[in-house]
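Chain by chain, the residues:
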Amino acid sequence: MPWQWLREYRRETFASDLLAGVIVTIMLIPQSLAYALLAGLPAEMGLYASILPLLAYALLGSSRTLSVGPVAVVSLMTAMAVGKIAETGSVEYASAAIALAALSGLMLLALGFLCFGFLANFLSHPVVSGFITASAIVIGLSQVRHLLGVEASGDNLPQLVLSLFRHIADTNPLTLLTGLLALVFLVWSRKSLQPLLLKLGLPTIAAGILSRAGPVLVMMATVVASYLLDFTQYDVALVGAIPSGLPSLSLPPLDTALWTQLAGSALLISIIGFVESVSVGKTLAAKRRQRINPNRELVALGGANMASAVSGGFPVTGGFSRSVVNFDAGAQTQAASILAAIGIALAALFLTPILRYLPNAALAATIIVAVSSLVDLELLRRAWRYSVSDFAAVITTIIATLLLGVELGVLAGIVVSILLHLYKTTRPHMAVVGAVAGTEHYRNVERHNVITHPNLVSLRIDESLYFANASYLEDYIYELVADNEKLEHVILQCTAVNEIDMSALEALEAIDHRLREQGITLNLSEVKGPVMDSLQSIDFLPHLSGRVFLSHHQAVKALKTDEIEPYII
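Below: a short report on this structure. What you see is a predicted model, and the numbers here were worked out from it, not measured in a lab. (Residues numbered from 1 in each chain as written. Predicted model: local features only at pLDDT ≥ 70, side-chain atom pairs only at ≥ 80, totals over all residues. Heavy atoms only, no water.)

Focus: the side chain of Thr-78
Item 1. Its location among the elements puts Thr-78 in helix α4 (residues 72–83).
Item 2. Non-local contacts of Thr-78, meaning those with residues more than four positions away in its chain, are made with Ala-39, Gly-83, Ala-97, Leu-100, Ile-269 and Pro-315. (Helix = DSSP H or I, 4+ residues; strand = E, 2+ residues; numbered from the N terminus. Contact = heavy atoms within 4.5 Å.)

Describing the pattern of salt bridges
Item 1. In this structure the tally under the stated criterion is 4 salt bridges.
Item 2. The partner of Asp-512 in a salt bridge is Arg-516, with the nearest N and O atoms 3.3 Å apart. Highlighted residues: Asp-512 and Arg-516, both in helix α22 (residues 502–517), separated by 4 residues, approximately one helical turn. (Salt bridge = Lys/Arg side-chain N within 4 Å of Asp/Glu carboxyl O.)

So, helix α5 (residues 91–113)
Side chains of residues three or four places apart in an α-helix project in the same direction, reflecting 3.6 residues per turn.
Item 1. The terminal C-alpha atoms of α5, which comprises 23 residues, lie 33 Å apart, in line with the 33 Å expected from a rise of 1.5 Å per residue.
Item 2. Looking at the residues trailing α5, positive phi occurs at Cys-115, about 60 degrees. (Expected span 1.5 Å × (residues − 1).)

A few points about the pairing of strand β7 (residues 489–493)
Two faces, one strand: in a regular strand the side chains alternate between the faces of the sheet.
Item 1. Of all the 5 residues making up β7, 5 are buried; the element is thus mostly covered by neighbouring parts of the structure.
Item 2. With helix α21 (residues 470–481) bridging strand β6 (residues 456–461) and the parallel β7, this β-α-β connection has right-handed handedness.
Item 3. Handedness of the β7-α22-strand β8 (residues 521–525) crossover: right-handed. (Buried < 20%, exposed > 50% of the residue type's maximum accessible area, 1.4 Å probe, protein only. Right-handed = clockwise from strand over helix to strand, strands pointing away.)

Considerations on the pairing of β6
Item 1. Counting buried residues along β6, 6 of its 6 residues qualify, which places the element largely inside the surrounding structure.
Item 2. Side chains Leu-456, Ser-458 and Arg-460 of β6 all project onto a buried face; the interleaved residues Val-457, Leu-459 and Ile-461 project onto the opposite face, where all are buried too.
Item 3. Pairing between strand β3 (residues 430–435) and β6: 3 bridges, direction antiparallel. Bridging from a neighbouring strand, Ala-431 pairs with Arg-460 of β6.
Item 4. Two elements, β6 and β7, share 5 bridges in a ladder whose sense is parallel. Of the residues in β7, the one forming a bridge with Leu-459 is Leu-492. (Pairing = 2+ DSSP bridges.)

Observations regarding helix α3 (residues 52–60)
Item 1. Those residues of α3 lying buried are Pro-53, Leu-54, Ala-56, Tyr-57 and Ala-58.
Item 2. Close packing links the buried residues of α3 with α1 (11–38), α2 (43–48), β1 (68–69), α13 (294–310) and α15 (335–350).

As for the packing of aromatic side chains
Item 1. All told, the structure shown has 5 aromatic pairs when counted by the stated rule.
Item 2. Measuring from centroid to centroid gives 6.4 Å for Tyr-472 and Tyr-476, while their planes differ by 45 degrees, and the two rings are tilted. Of the two residues, Tyr-472 and Tyr-476 both sit in helix α21, 4 residues apart, roughly one turn of that helix.
Item 3. Using a relative accessible area of 22% as the deciding quantity, one classes Tyr-472 as partly exposed. (Phe/Tyr/Trp six-rings, centres within 6.5 Å; stacked < 30°, edge-to-face > 60°.)

Have a look at this one:
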């Protein structure tokens, strides 16, 4: 139940949550501004998307450490979706982003109330990882224009590279210097700042907080430099004026035509955001022997997106980096998120006059360093070594995302995964098995030294039987019994058969009829209860040429001859 953690809340718990809240606030301020920039939205919308959504998730979510807000991939998908129907920087663009958050929220709420939490199982890990890797590359490259201070655009890798190449001569030297210095410091602080602070004698907690404050330090340093050196006279792009104060609450745009245009993108954003959020939530919950409820997560993320929409934000989800930081900082409950929301609200009230001097190049550097950890090219090698089909899904997702854009990329990955799965089930693994000497265990004759009998063939089927693989089963058995004059019995070991549909049943009847004509019986062993119930409900078993045995060993014992054939590999 929501708020269940309040029953066991203690002063010590509050101290842990307060520390985590402070650290996440420090991390969220530059991230919120950066992801608003990535989405092509005003900076204040990043702050707005990090206040009420955190509170909404704290009220509804099942994870105690998940931190909700703008994330890189969803921000990029927002830019791609809204950019199709409105010009970046326009009022219509911001309104469409708000509508996208509302539509995504409604979809997530509907899926949650309908208990569609199992949807997370339909996106395979290789597809999600490949999509995130390719998206991170596109995101990083899209921010190079801010590092160079040039006008460039594009929804995919070729467009971005070509656009950057065309405008490379317009590079602003001071913008480039600012961005590169910020980038170098952020990379260094991520790896080396904490060890250095520990060597200087700082307590572990203080060193940890300061090491994660690298983006804040960059923000402060570049703001001071921008103010003192008057970056505007050198045409360095700045965040500009940000309205002070908390977001005003209002209904999102209620435009049927607009919502219709955004529906497909909203669904993809909802699913990707949900899968990413649940993956992070499950990982963190498992470390403390806790559990999350996928259906409640759908409702909580839906509520968070609706909260973002009514407060002038854009689509949000559970963020990997900030959730891990929240967890590592010692967050015990969602009170840490509530405290972080308060911290962001205070920043919106009092820090916005300062943030107007923040260079876009510094935010771009923050985004590039943040998404660099999402690039997992090692995934390709692992997938290739483990499974060709998984590798095909990964490489298709990566290439499609890089060349066609994020939406078509994830769709391509899903389609390829489904097609490969269907292909594998149409050609199920089947093995001729024999007895391991001195036991009642049966193993593949091609992998083990086993005992077989010349008058029978034992065939293990490692897949449910349905219309798509029924003909493959027929062909396999016919080839197996061809020109085997000693053969009297075929035994199908059905240990892994969870279902037999009507098409497969007709195939079994055809197999039985053809074997009977050759003087061979068809037998079944180890048939599962639900499958047996289905077979008994029709007249298949009374007309079966052979028998149904409880165990495979009983079948072999009843049908074998005294002659044996040791199968030597």
